Amino acid sequence: QTVVQVRDQGPAWAGLALAAMLLAAVRSGSRGGPLALEAADVQHLLLSPADRGATLRRPTAGVLGYGIFTGASVLAVTGSLLSQRLPGGTAEFVWSGAIFGAVITASALGAALTTASRIAPPWIMIATGWLLLAWSIADVADRAATAPTTLAGDLLFWPMRRGTPGLVWVVAAIALVVAGLGLIGGLSIEAARRRTLLVGQL
């Protein structure tokens, strides 16, 4: 009975974690995150005649690479632990965990970068994040239809469910990362300077 409950409700809880990360990401993006540049880079590079997008893509790629690798590694270990209690091969859970970890971190970072690019008013992105979180909570409580983030949760429990809806989030994560890299040139210099000062104080 416990295994059946985990199989049926696990994706919704995993999706809730993704929704919370997305909300935190867009809030960070509205304040210039997730990049934390050196003060000299903000002063001399972003204010120079050089293309701002080209200047920012290298540190952005570093943040994305580190974040996605970390997320995939942590969730791969989580998948290995799940395989000790749930039916399914260890290798399958490790791979599904790694994919889920890469997807949630790539989605969160991509959403933050897209918000920081100011392609849309920050309040719209934040409102969308709150909407996804509320929908995910309602889904966990079985008070609403399946939330979009629950589909991503299917990736973590793929060895038990054998479904493919979660692959939509792989495409969405890639699209968010590409959009974030392509649009990061719209980062506000004032937001970058403010974030640099805050990180410097920490």
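Residues numbered from 1 in each chain as written. Predicted model: local features only at pLDDT ≥ 70, side-chain atom pairs only at ≥ 80, totals over all residues. Heavy atoms only, no water.

A. Inspection of the overall build of the protein chain at higher detail. Regarding its fold elements, the protein chain presents 9 helices and 0 strands. Here the C-alpha atoms of the protein chain give a radius of gyration of 18 Å, agreeing with the 17 Å that 2.2 N^0.38 yields for 202 residues. Overall, the protein chain is about 60 × 35 × 30 Å in size when its C-alpha atoms are taken along their principal axes. Considering only contacts in the protein chain between residues 6 or more positions apart, those separated by 24 or more positions represent 79%. Accessible surface for the protein chain amounts to roughly 10,500 Å². Of this, 67% is attributable to carbon and sulfur atoms. (Helix = DSSP H or I, 4+ residues; strand = E, 2+ residues; numbered from the N terminus. Rg over C-alpha atoms; globule rule 2.2 N^0.38 Å. Contact = heavy atoms within 4.5 Å. Areas by Shrake-Rupley, 256 points an atom, 1.4 Å probe, with all protein chains shown as cover.)

B. Just the nonpolar core, in detail. Core analysis: the largest hydrophobic core is formed by 37 residues, its most contacted members being Phe100 and Leu187. Those elements that place two or more of their residues in this core are helix H1 (2-29), helix H3 (52-83), helix H4 (90-116), helix H5 (122-140), helix H6 (148-156) and helix H8 (167-183). If one sorts the elements of this core by residue count, H4 sits on top with 9 residues. Those residues in contact with phenylalanine 100 that lie beyond four places of it in its chain are Ala14, Leu75, Ala152, Gly153, Leu155 and Leu156. (Core = buried A, V, L, I, M, F, W, Y, C linked by side-chain atoms within 4.5 Å. Buried < 20%, exposed > 50% of the residue type's maximum accessible area, 1.4 Å probe, protein only.)

C. Inspection of the side chain of aspartate 154 at higher detail. Locating aspartate 154 in the fold gives a position in helix H6. Under the relative-accessibility criterion, aspartate 154 is labelled buried at 11%. In this structure, aspartate 154 is in contact with Pro11, Arg161, Pro165 and Gly166, ignoring residues within four places of it in sequence.

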